[in-house]
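Descriptive structure summary
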Amino acid sequence: MSGSRASADRLARLLNLVPYLLARPGIELAEAATDLGVSERQLREDLELLWVCGLPGYGPGDLIDMAFDGDRVTITYDAGIDRPLRLTPDEALALVVALRMLAETPGIANRDAIERALAKIEDAAGDLADAPVEVRLPGDSDQVEALQGAVRRGRALRITYYTAARDETSERTIDPIRVLMVGGRAYLEAWCRRAEAVRLFRADRIDAQTELDEPAMAPPQARLHDLSAGVFQPSPDLPLVTLRVGRGGRWITEYYPCERVEPDGEQWLVSLRVTDLDWARRFVLGLGPEVTVVSPIDLVEQVRDQAAAALDAYAVPAPVPAGH
């Protein structure tokens, strides 16, 4: 069994284990292992893992807790996992639709895993799995359809594009290659004639597009992106930023790829790669008091100067209109 398959099976077993034990306080481990179809050793390993699972905060009163009396076990705190994992028909149908769309999306990795999950959930959905449904892509579906049309027709495009990392809008002529769905967003992969390289353009950041009469002709050296690890793939040549993060800002460690996360008292030290320091400055300022920049010093100074300028702007009294 592959590692990903074994992990998925174990997750399902753990989600069902807590409500099973809640309904049988003081059950013997041997009896529980027989009921659950696992060895007693595997059950003990599952219980050891459950002991460090729970709610955000991960301290006393947050983690799943249990009591042992010899070879008997009782759940004393369930962290909200008090029902077996069961999909309603509507939930199963929603997952079937999403997985079918994902399986048909170009450029998706691990397609075999998607198809295995789809087969299992279709069994749960029953007859509903064959019901007619309408699927709408997230974002501007008209824009996505226009981009897909340009790819099918093999036409070059002139676009107005907003680059969030630099907070700027630019005009570009591009040669479309394919439209992708990654992380719930649509992207156009194309040869950018200005950059002379293959670029990914987020569909919802294309402010205007004009299909040209000339054909799209990406050069032979154009290489498509490997998106199996996501759109943003940090590399050693990108700036490394280290932040001291409070409890309310820890979510960034789940949303952004981080190179290091270390406890620092009640805060965390978080290091991550960024596309450029201008983006990092806006990112840090948006997080407010939950984050302090540790390094690099250039970013420390940029954040400090912009925060001071904002405070100065509030300190200047508004002009008094004439006659008042």
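Heads up: the structure comes first, above all this text.
Since we're looking at a predicted model, the values are computed, not measured.

All told, the structure shown has two aromatic pairs when counted by the stated rule. Taking 5.0 Å as the distance between ring centres and 85° as the angle between the ring planes, the aromatic pair formed by Tyr161 and Phe201 counts as edge-to-face. Of this pair, Tyr161 sits in strand β4 (residues 155–163) while Phe201 is found in strand β7 (residues 197–202), placing the two residues 40 residues apart along the sequence. Judged by centre distance (4.9 Å) and plane angle (10°), the rings of Trp279 and Phe283 are stacked. With Trp279 and Phe283 both in helix α8 (residues 277–287), this residue pair falls four residues apart, about one helical turn.

All right, on to the sheet that holds strand β10 (residues 260–264) then. Taking strand neighbours across the sheet as the criterion, the four strands line up as β10-β11-β9-β12 in an open arrangement whose pairing is antiparallel. Looking along the sheet, the strands with just one partner apiece sit at the ends: β10 and β12 (291–295). Each adjacent strand pair in this sheet contributes to an overall mean axis angle of 25°, direction not counted. In this structure, strand β9 (residues 240–245) lies alongside β12, joined through four bridges in antiparallel fashion. Bridge pairing in β12 places Val245 opposite Val291. Set on the sheet, α8 makes contact with β9 and β12; between it and β9 the angle comes to about 5°. The sheet strands contacting helix α9 (residues 297–315) are β9 and β12, and the helix crosses β12 at an angle near 145°.

The biggest cluster of nonpolar side chains holds 17 residues, and the ones touching the most others in it are Leu17, Leu21, Leu47 and Leu50. Elements supplying a minimum of two residues to this core: α1 (3–22), α2 (29–36), α3 (40–50) and β3 (72–77). Looking at this core element by element, the count peaks at five residues for α1. Not counting residues up to four positions away in its chain, the partners in contact with Leu47 are Leu17, Leu21, Leu29, Met66, Phe68 and Val73.

What follows covers unusual backbone geometry. Cis peptide bonds are those with omega within 30 degrees of zero, and the linkage from Ser295 to Pro296 qualifies with 5°. Looking at the element boundaries, Pro296 is found in the loop between β12 and α9. Not every positive phi belongs to a glycine, and Glu196 is a case in point at roughly 55°. Its location among the elements puts Glu196 in the loop between β6 (185–192) and β7. Classification of Glu196 by relative accessible area gives exposed; the value is 60%.

What follows deals with the environment of Arg72. Here Arg72 lies in strand β3. On the basis of relative accessibility, which here comes to 38%, the residue Arg72 falls in the partly exposed class. The spatial distance from the C-alpha of Arg72 to the C-alpha of Pro25 is 8.4 Å, given a sequence separation of 47 residues. Those residues within four positions of Arg72 in sequence are excluded, and the remaining contacts are Gly26, Ile27, Glu28 and Ala67. Among the polar contacts listed, one links the side chain of Arg72 to the backbone oxygen of Gly26, at a separation of 2.8 Å.

Thresholds applied
- Throughout, a residue's number is its position along its own chain's written sequence, starting from 1.
- Only residues with pLDDT of at least 70 get local features here, since the model is predicted, and only at 80 or more are side-chain atom pairs given and counted; chain-wide, interface and lining totals rely on the full set of residues.
- Side-chain descriptors were evaluated using all non-hydrogen atoms of the structure, hydrogens and water having been removed beforehand.
- Each Phe, Tyr or Trp ring, with Trp reduced to its six-membered ring, pairs with another whose centre is within 6.5 Å; inter-plane angles below 30 degrees give stacked pairs, above 60 give edge-to-face pairs, and intermediate values give tilted ones.
- Secondary structure elements follow DSSP: runs of H or I no shorter than four residues count as helices, runs of E no shorter than two count as strands, and numbering proceeds from the N terminus.
- Any two strands between which DSSP finds at least two bridges are classified as paired.
- Convention adopted: a line fitted to C-alpha atoms gives each axis, helices being fitted over their contacting stretch, and angles between N-to-C directions are expressed from 0 to 180 degrees.
- When checking whether two residues touch, look at their non-hydrogen atoms; a contact exists if any pair is within 4.5 Å.
- Residues grouped as a nonpolar core are buried Ala, Val, Leu, Ile, Met, Phe, Trp, Tyr and Cys residues, joined through side-chain atoms within 4.5 Å.
- With a 1.4 Å probe rolled over the protein chains alone, any residue whose accessible area is under 20% of its type maximum counts as buried; one over 50% counts as exposed, and the rest are partly exposed.
- The term polar contact refers here to a pair of N or O atoms within 3.5 Å; inside protein, the definition further demands a hydrogen-donor-capable atom paired with an acceptor-capable atom, and it admits residues adjacent in sequence only when both atoms are side-chain atoms.

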